[in-house]
Amino acid sequence: MHDHSHCVPGLTRRSFLASACMGLASVAMEASLQRDRVAGAADEADSGWVPPDGRPHRAPRAKQVIWMMMRGGFSHLETFDPKPELTIHAGKTLGESPHKYVLESSFLKNVREQVANNIIDKTKARIFPTQIGFQRGGQSGIEVSDWFPQMRNCVDDLAIIRSMWTGDNNHGAQMQFLTGRHVLDGCFPTLGAWVQYGLAAQGDSLPQFISMGPPLDLQCNGGVDSDYLGPEHAGILLKIDPDNPLPFAKPARPVTAASAQTKSELLGRLNRLAAKEYPTDASLRARMQSYELAFRMQTAVPELLKFDSETPEVRKLYGLDQEVTRPFGQQLLAARRMVERGVRFVQIFHGDGAAGAWDAHSALRQNHTTMCAQVDLPIAGLLQDLKQRGLLDETIVVFGTEFGRTPGVQGTDGRDHHNYGFSIWMAGGGIRGGIVHGATDELGFHAVEDRHFVTDVHATILHLLGLDSRRLEIPGRKRLEIEHGQVIHQILS
């Protein structure tokens with residue numbers, strides 16, 4: 001029987017079903033509407049389009065994705081793109097250096113300012129020397145920052161892309177990297193939503209799109225938006241707390257497992273009766289699915305976060321034994337356990353605050369020393385753990401940020417936002433490791449060789465998952481060409 005203390009008396013059966021009277025339904029509700037809702041639009045279209053059937057369009061190279069975003073914009077110049085010229089010409093303005101041609105590049109037009117961010121003033125800034133050393137790592141001998149010694153040990157598994165660019169020079173670029181559209185254009189489906197939309201679930205106890213860490217600005221659902229694909233494809237925000245694994249899942253009053261099962265079965269029977277009465281109610285059918293997922297999550301999520309079931313060696317690999325690395329390490333260990341259980345897209349944000357804690361407008365050395373120390377060991381641990389379990393071959397791992405930092409100094413010891421050229425890396429399923437692709441100019445200002453807009457990363461991931469973004473389009477929602485991106489074939493194995 002349902003608990004009248006939690007629901008308003010006098011509701012009709014249909015209204016009751018439409019309300020979230022189960023504790024966890026509020027968590028899973030964001031993943032509610034189902035594929036049939038979109039399929040109805042296809043019936044009205046003349047294009048012959050049909051909704052995806054959950055199968056890949058081509059043989060996939062990978063099954064799932066772990067996407068890490070360092071919020072705020074880490075400096076490519078102190079991480080993966082060493083530029084000796086910065087130190088040689090430190091103190092000069094860009095115009096005084098031998099590389100003043102960067103101020104005349106046509107690439108300067110590739111920005112749409114969210115707020116005034118005077119380009120002329122930025123180009124007058126004096127060149128800031130590199131704040132950390134670089135060393136070569138692995139058999140490939142790729143140079144990686146001394147702030148990332150553990151990642152440097154894994155460099156033979158990485159494809160470092162040094163030629164990324166984006167069109168937003170403020171932190172809306174975080175959303176642009178996830179959707180391909182400028183934040184001023186409004187909200188659009190994120191990459192994780194497209195993956196969930198295109199591919200069938202690999203399991204039935206956990207959502208297929210999960211996001212951890214500090215979410216993006218509340219605009220556009222915090223970085224997990226599915227927009228016109230329907231809310232059933234939006235990501236679920238999950239806080240990683242082994243001591244309180246699912247804070248909103250517990251009933252207000254203690255109930256036995258048998259009672260919870262009886263309650264779920266009763267609601268299921270009522271749902272099925274209502275479905276017969278309202279056969280075209282897509283939202284009702286979606287709620288039925290969300291309630292069922294919610295019930296299963298009550299068991300699956302606490303089990304997922306039982307990190308003490310891992311060996312001491314594995315917990316140490318992720319840095320769970322150290323205060324500095326434990327928070328991010330727990331998220332990455334959870335991510336590994338998620339992909340083991342069939343979650344398609346796991347998204348992890350790092351860096352608190354509205355803009356993100358990597359936003360080093362001042363004290364860059366201090367900022368990046370702190371931030372890199374929090375993530376370096378756990379990320380290396382994730383790569384090693386995936387590899388030894390045979391999961392790296394089927395899991396795409398991405399380490400990214402919304403943009404880089406300027407070659408010129410901001411204030412006395414910081415760097416400003418820089419959208420014209422920056423670095424990320426990819427690894428895992430179908431990615432060729434131990435390579436550097438693309439390049440920026442001598443000062444790290446512009447991406448000049450094998451330039452890639454952020455959606456080229458999307459195209460590469462979808463390609464490796466066996467999906468063609470053009471075949472996922474919905475009638476009446478024509479996407480811009482730049483949203484589809486181009487597959488980065490040069491980094492594929």
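Being a predicted model, the structure only gives us computed values, none of them experimental.

**Some points on the pairing of strand 8 (residues 395–401)**
Looking along a regular strand, one sees the side chains alternate between the two faces of the sheet.
Here comes step 1: For strand 8, a buried count of 7 out of 7 residues is recorded, marking the element as mostly surrounded by other parts of the structure.
Here comes step 2: Here strand 8 shows a buried face lined by Thr395, Val397, Phe399 and Thr401 and a second buried face lined by Ile396, Val398 and Gly400.
Here comes step 3: Two strands pair when backbone bridges link them, and strand 1 (residues 64–70) and strand 8 are joined in this way by 7 bridges, in the parallel orientation. Following the sheet pairing, methionine 68 is matched in strand 8 by phenylalanine 399.

**A short note on helix 13 (residues 364–388)**
Here comes step 1: Along its 25 residues, helix 13 runs 35 Å from first to last C-alpha, staying within 8% of the 36 Å computed at 1.5 Å per residue.
Here comes step 2: The largest bend along helix 13 reaches roughly 30° and is located at cysteine 372.
Here comes step 3: Directly after helix 13, the chain includes glycine 390, whose backbone phi takes a positive value near 75°.

**Description of the pattern of salt bridges**
Here comes step 1: The final tally for this structure, using the stated rule, is 24 salt bridges.
Here comes step 2: The partner of aspartate 185 in a salt bridge is arginine 181, with the nearest N and O atoms 3.2 Å apart.
Here comes step 3: Looking at aspartate 185, the relative accessible area reads 32%, which means it is partly exposed.
Here comes step 4: Where aspartate 385 meets arginine 389, a salt bridge forms, and the shortest distance between an N and an O atom there is 2.7 Å.
Here comes step 5: With relative accessibility at 0%, the residue aspartate 385 sits in the buried group.
Here comes step 6: Exposure remark for arginine 389: the relative accessible area of 34% places this residue in the partly exposed category.
Here comes step 7: One continuous salt-bridge network, built from bridges that share partners, spans Glu303, Glu310, Arg336, Arg337, Glu340, Arg341, Asp385 and Arg389.

**Side note on the packing of aromatic side chains**
Given two aromatic rings, their pairing is described by the distance between the two centres and the angle made by the two planes.
Here comes step 1: One pass over the structure, following the stated rule, counts 15 aromatic pairs.
Here comes step 2: Here the aromatic residues Phe74, Phe80, Phe148, Trp358, Phe399 and Trp425 are joined through ring pairs into a cluster of three or more.
Here comes step 3: The residue whose ring lies beneath arginine 451 is phenylalanine 107, and the NZ or CZ to ring-centre distance is 3.6 Å.

**Quick notes on the state of the cysteines**
Here comes step 1: In total, this model carries 1 disulfide according to the counting rule given.
Here comes step 2: Here cysteine 187 connects covalently by a disulfide to cysteine 220, the sulfurs 2.0 Å from one another. As the torsion about the S-S bond is roughly -90°, the cysteine 187-cysteine 220 disulfide counts as left-handed. Here cysteine 220 lies in the loop between strand 5 (209–212) and strand 6 (236–237) and cysteine 187 lies in the loop between helix 7 (173–179) and helix 8 (191–198), a separation of 33 residues in the sequence.
Here comes step 3: Accessibility expressed as a relative area gives 26% for cysteine 187, which makes it partly exposed.

**Describing the side chain of asparagine 367**
Here comes step 1: For asparagine 367, the position within the fold is in helix 13.
Here comes step 2: Judged by its relative accessible area of 17%, asparagine 367 is buried.

**Here's the deal with the nonpolar core**
Across soluble globular proteins, nonpolar side chains have a tendency to be buried as a group.
Here comes step 1: Among the nonpolar cores identified, the biggest contains 56 residues, and Met68, Met338, Ile379, Phe399 and Trp425 are the most heavily contacted of them.
Here comes step 2: Ranked by residue count, the leading element in this core is helix 13, at 9 residues.
Here comes step 3: Apart from residues no more than four positions distant in its own chain, phenylalanine 399 is found in contact with Met68, Met70, Phe74, Phe80, Phe148, Met151, Ile379, Ile424 and Trp425.
Here comes step 4: Counting residues in each nonpolar core, the second largest holds 49 residues, with Trp67, Phe349, Phe422 and Ile474 among its members.

**Notes on the environment of glycine 411**
Here comes step 1: With respect to the element layout, glycine 411 can be found in the loop between strand 9 (404–410) and strand 10 (414–418).
Here comes step 2: Residue glycine 411 is classed as exposed on the basis of its relative accessible area, which comes to 64%.

**Some thoughts on helix 8**
Think of an α-helix as 3.6 residues a turn; residues three or four steps apart then line up on the same face.
Here comes step 1: By the criterion of burial, helix 8 is predominantly enclosed, with 8 of the 8 residues buried.
Here comes step 2: Residues of helix 8 that are buried: Leu191, Gly192, Ala193, Trp194, Val195, Gln196, Tyr197 and Gly198.

**So, unusual backbone geometry**
Here comes step 1: In this model, asparagine 221 sits at a positive phi of 65°, which is unusual for a non-glycine residue.
Here comes step 2: As for its placement among the helices and strands, asparagine 221 is situated in the loop between strand 5 and strand 6.
Here comes step 3: Unusually for a residue other than glycine, alanine 363 sits at a positive phi of about 50°.
Here comes step 4: Relative to the elements of secondary structure, alanine 363 occurs in the loop between strand 7 (345–350) and helix 13.

**Quick notes on the confidence of the model for the protein chain**
Here comes step 1: Averaged over every residue, the pLDDT of the protein chain is 86; residues scoring 70 or more account for 79%.
Here comes step 2: Taken together, the stretch residues 1–11 has pLDDT below 50 and engages in 10 contacts with residues farther than four places along the chain or on a different chain.
Here comes step 3: Across residues 13–45 the pLDDT falls below 50, and counting only partners more than four positions away or on other chains, this stretch makes 91 contacts in the model.

Calculation rules
Residues numbered from 1 in each chain as written. Predicted model: local features only at pLDDT ≥ 70, side-chain atom pairs only at ≥ 80, totals over all residues. Heavy atoms only, no water. Buried < 20%, exposed > 50% of the residue type's maximum accessible area, 1.4 Å probe, protein only. Helix = DSSP H or I, 4+ residues; strand = E, 2+ residues; numbered from the N terminus. Pairing = 2+ DSSP bridges. Expected span 1.5 Å × (residues − 1). Bend = angle between axes of the 7 residues up to and from the residue. Salt bridge = Lys/Arg side-chain N within 4 Å of Asp/Glu carboxyl O. Phe/Tyr/Trp six-rings, centres within 6.5 Å; stacked < 30°, edge-to-face > 60°. Lys NZ or Arg CZ within 6 Å of the ring centre and 35° of its normal. Disulfide = S-S within 2.5 Å. Core = buried A, V, L, I, M, F, W, Y, C linked by side-chain atoms within 4.5 Å. Contact = heavy atoms within 4.5 Å. pLDDT = per-residue confidence, 0-100.

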